[in-house]
Amino acid sequence: MFRLVLLGPPGAGKGTQAVKIAEKYNIPHISTGDIFRKNVKEGTPLGKKAKEFMDSGALVPDELVVALVEDRLKAPDCQDGFLLDGFPRTIYQAEALDECLSKMGSKLDYVINLCVDEDELLDRMIGRRVCRQCGTPYHVTNMPPKVEGVCDSCGGEVYQRADDTEETVKNRFKVYQDQTSPLISYYEESGNILHIEGVGGPAAVFEAIVSAVGA
Ligand code: AMP
């Protein structure tokens, strides 16, 4: 069992790899983006607060995200391991996570940093589609569903996220550069970061992750 964080710029393939990693190591997959999207869809108070930030590609305020993750990590299914996808995204969040885990008497085993260059990322994100129901990710040319617009896994509608349009994508990159990329040095200092080249197709990337994490 591992306590893992998946780090990387938007479009690096975090969602695709997260599903495989969680299955392989039998740990819950915690995607803060998925949790926010579900809340927006259901019109909850949290969803109402998060929506305007998400639509513009900005980050949801730290306090909201940290409270949500701390709560989730206390659940029984997280006691022996978990995979965080899309969290932390700021130094504040990373420090809050370290503190929360240390109070629980544990710590992260690895931070998996998916590295992909920026031109490739832009193309991936603008072509990205996702199942509205189960969150399975697709790409219009690299990984289309068997039937256009229909999810292979659950039959749900495959759509383009409102924040995957060109303008919002550019803003999300900037947000990543400014606020999230400093986490690479943060975790390099604690010595538990694994840099993985996020190119060559999902299966090859997954193999590289498994051989770096081990067992
Ligand atoms: P994602 O699916 O991970 O790309 O997240 C989609 C959007 O949800 C982001 O652009 C943010 O607006 C919000 N979000 C997800 N995770 C976080 C986080 N850890 N901190 C702040 N905002 C977040």
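First, a word on what this report is: a plain description of the structure on this page. As the structure is a prediction and not an experimental result, all values here were calculated from the model. (Residues numbered from 1 in each chain as written. Predicted model: local features only at pLDDT ≥ 70, side-chain atom pairs only at ≥ 80, totals over all residues. Heavy atoms only, no water.)

Strand pairing in a sheet takes place through backbone hydrogen bonds and is either antiparallel or parallel in direction. Spatially, 2-3-1-4-8 is the arrangement adopted by the five strands of the open sheet, whose pairing is parallel. Of all the strands in the sheet, just strand 2 (29-31) and strand 8 (193-197) have a single pairing partner and so form its edges. Strand-to-strand, the axes of this sheet are offset by a mean angle of 20°, without reference to chain direction. Sitting on the sheet, helix 8 (residues 182-190) is in contact with strand 1 (3-7), strand 4 (110-115) and strand 8, with an inclination near 130° to strand 8. (Pairing = 2+ DSSP bridges. Helix = DSSP H or I, 4+ residues; strand = E, 2+ residues; numbered from the N terminus. Axes fitted to C-alpha atoms, helices over the stretch in contact; angles between N-to-C directions. Contact = heavy atoms within 4.5 Å.)

On to the pattern of salt bridges, then. Under the criterion given, the structure shown has 12 salt bridges. Of the charged contacts in the structure, one is a salt bridge between Lys51 and Asp55, with a shortest N-O distance of 2.5 Å. Here Asp55 and Lys51 lie together in helix 3 (residues 45-56), a separation of four residues that amounts to about one turn. Of the residues examined, Lys51 reaches a relative accessible area of 38% and is grouped as partly exposed. Between Glu157 and Arg132 there is a salt bridge, with the nearest N and O atoms lying 2.9 Å from each other. Of this pair, Glu157 sits in the loop between strand 6 (137-139) and strand 7 (158-159) while Arg132 sits in the loop between strand 5 (128-131) and strand 6, placing them 25 residues apart in sequence. Under the relative-accessibility criterion, Arg132 is labelled partly exposed at 40%. When salt bridges with common partners are traced through the structure, they connect Arg128, Arg161, Asp163, Asp164 and Arg172 into a single cluster. (Salt bridge = Lys/Arg side-chain N within 4 Å of Asp/Glu carboxyl O. Buried < 20%, exposed > 50% of the residue type's maximum accessible area, 1.4 Å probe, protein only.)

Quick look at helix 9 (residues 202-213) now. An ideal rise of 1.5 Å per residue puts 16 Å on 12 residues; helix 9 measures up with 16 Å between its terminal C-alpha atoms. Taken together, the buried positions of helix 9 are occupied by Val205, Phe206, Ile209, Val210 and Val213. Buried residues of helix 9, seen end-on, are gathered within an arc of 135° and therefore sit on one face of the element. Away from its buried face, by an angle of more than 90 degrees, helix 9 presents the exposed residues Ala203, Glu207 and Ser211. Residues of helix 9 that are buried make contact with helix 1 (14-25), strand 4 and strand 8. With its phi angle positive at about 90°, Gly214 sits one or two positions after the end of helix 9. (Expected span 1.5 Å × (residues − 1). Arc of directions from axis to C-beta.)

A separate point is the site of the ligand. Inspection of the region around the ligand gives 16 residues, with Thr32, Arg37, Ala58, Gly86 and Gln93 positioned closest. Residue Val60 places a main-chain N or O atom 3.0 Å away from a nitrogen atom belonging to the ligand. Protein contact buries 95% of the 480 Å² of open area that the ligand shows by itself. In terms of residue count, the dominant contributor to the shell around the ligand is helix 2 (residues 32-42) (four residues). For the shell around the ligand, a count of residues per class yields seven nonpolar, four polar and five charged. (Near = heavy atom within 4 Å. Polar contact = N/O pair within 3.5 Å; in protein donor to acceptor, adjacent residues only side chain to side chain. Areas by Shrake-Rupley, 256 points an atom, 1.4 Å probe, with all protein chains shown as cover. Nonpolar A, V, L, I, M, F, W, Y, C, P; charged D, E, K, R; others polar.)

With that out of the way, let us pick up the nonpolar core. Ranked by size, the top nonpolar core spans 31 residues in total, and within it Phe36, Leu73, Phe82, Leu84, Leu97, Leu108 and Tyr187 carry the most contacts. Here this core gets six residues from one element, more than from any other, and that element is helix 4 (residues 62-73). The contacts of Phe36, once residues within four sequence positions are left out, are Leu46, Ala50, Met54, Val60, Val65 and Leu68. One finds Phe2, Leu114, Leu194 and Ile209 within the second-largest nonpolar core, a separate group that totals 23 residues. (Core = buried A, V, L, I, M, F, W, Y, C linked by side-chain atoms within 4.5 Å.)

These figures capture arrangement, not role.
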